[in-house]
Amino acid sequence: MQMIMVAIANAVIGFIVGACGLSGFLLPMFYAAYTDFSVGEYLAISYWAFILSGPVALIGFKEGFGRERRTLGWLCAASAVGAVFGVRLNSLISPENVKLILYIVVLLAGISIIVMGRKNKKAREEKRSPLLDSRAGMFAFGLVTSTVCAIGGSGGPILVMPLLTTMGMEVHVAMAVGLIDSLFVSVPAFVGYVRGVEISGLIVYMAVICVTYGGAALLGRRFSSKIPSAPLKRAVGIFSVIIAVYMLAGLVI
């Protein structure tokens, strides 16, 4: 039964990721709430999925990637370092607190998606922050965001994209930068978490995820031009806020 639930969850979330680039952060939320995986196990297979979807989700964002090469370089370098640091910090935190961090990140992610949707609707011009062109600034930004993501199980775009947009980067460009940056978070995080678990017990799950999540992400990207992304993102944001509040209440009560 658990295998079927994992397959369905990965297919649904993978499709949404392919269609609009968001919602991957719901995977560790699902694993934490509805499976018997340990923290290390569900974080390892979450990052396995993020590695699969990174290149898939980048299809169609090549132009945005090229415009911010300098910003992207320092951001990705710092993200790789921060991901390793986040994995180390995770080992010092109790499973309950890891879940708490994850639920808070999902809550903030949902709120950011809703806010960004309203901002896009207004189509307001933002002045570009000097921080975007600062090597030290982007390195510090990548270090902090990737550390937070690696502790709780997020891939990166859900924090990076709205913050970059707030600093004045165009929305679609910020999405491209966030997606490629997620690979530099996910690969070190996956390696770090998988080293602490019994990999033989996850091989079948990883194969199922490869087919369901990876295949659904490809399908979502193929049909992304036919699916209105704004309502889909808004629905993901609202659902994320509701489920995060529900799970946080369960921890507190």
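Please read these numbers as outputs of a predicted model, since none were measured by experiment. (Residues numbered from 1 in each chain as written. Predicted model: local features only at pLDDT ≥ 70, side-chain atom pairs only at ≥ 80, totals over all residues. Heavy atoms only, no water.)

Q: Mind showing me how you'd approach the packing of helix H1 (residues 2-20) against helix H2 (residues 26-34) here?
A: A pair of packed helices is captured by two measures, namely the crossing angle of their axes and the spacing between those axes. At a minimum axis distance of 10 Å, the contact between H1 and H2 shows a crossing angle of 160°. Compared by their axis directions, H1 and H2 come out roughly antiparallel. Here H1 and H2 pass one another in a crossing that is right-handed. Contacts from Met5, Val6, Ala9, Asn10 and Ile13 of H1 reach H2 at Leu26, Leu27, Phe30, Tyr31 and Tyr34. Its residues assigned to classes, the contact of H1 with H2 shows nine nonpolar, one polar and no charged. (Axes fitted to C-alpha atoms, helices over the stretch in contact; angles between N-to-C directions. Helix = DSSP H or I, 4+ residues; strand = E, 2+ residues; numbered from the N terminus. Parallel < 35°, antiparallel > 145°, perpendicular 65-115°, else oblique. Left-handed = near helix turned anticlockwise from the far one by under 90°. Contact = heavy atoms within 4.5 Å. Nonpolar A, V, L, I, M, F, W, Y, C, P; charged D, E, K, R; others polar.)

Q: So what exactly am I meant to see when it comes to the packing of aromatic side chains here?
A: To describe a pair of aromatic rings, you give the distance between the ring centres and the angle between the ring planes. Counted according to the given criterion, the structure contains eight aromatic pairs. Between Phe30 and Tyr34, the ring centres sit 6.0 Å apart and the planes meet at 35°, which makes this aromatic pair tilted. Of this pair, Phe30 and Tyr34 both sit in helix H2, four residues apart, roughly one helical turn. By relative accessible area, Tyr34 is classed as partly exposed at 46%. Residues Tyr47 and Tyr193 carry aromatic rings whose centres are separated by 6.2 Å and whose planes lie at 10° to one another, so their mutual orientation is stacked. (Phe/Tyr/Trp six-rings, centres within 6.5 Å; stacked < 30°, edge-to-face > 60°. Buried < 20%, exposed > 50% of the residue type's maximum accessible area, 1.4 Å probe, protein only.)

Q: Would you mind going over the side chain of Thr212 with me for this structure?
A: Within the secondary structure, Thr212 sits in helix H10 (residues 203-222). You can call Thr212 buried: its relative accessible area is 17%. Polar side-chain contacts of Thr212 include one of 2.8 Å to the backbone oxygen of Val208. Excluding residues that lie within four positions of it along the chain, Thr212 makes contacts with Ala7, Asn10 and Ala11. (Polar contact = N/O pair within 3.5 Å; in protein donor to acceptor, adjacent residues only side chain to side chain.)

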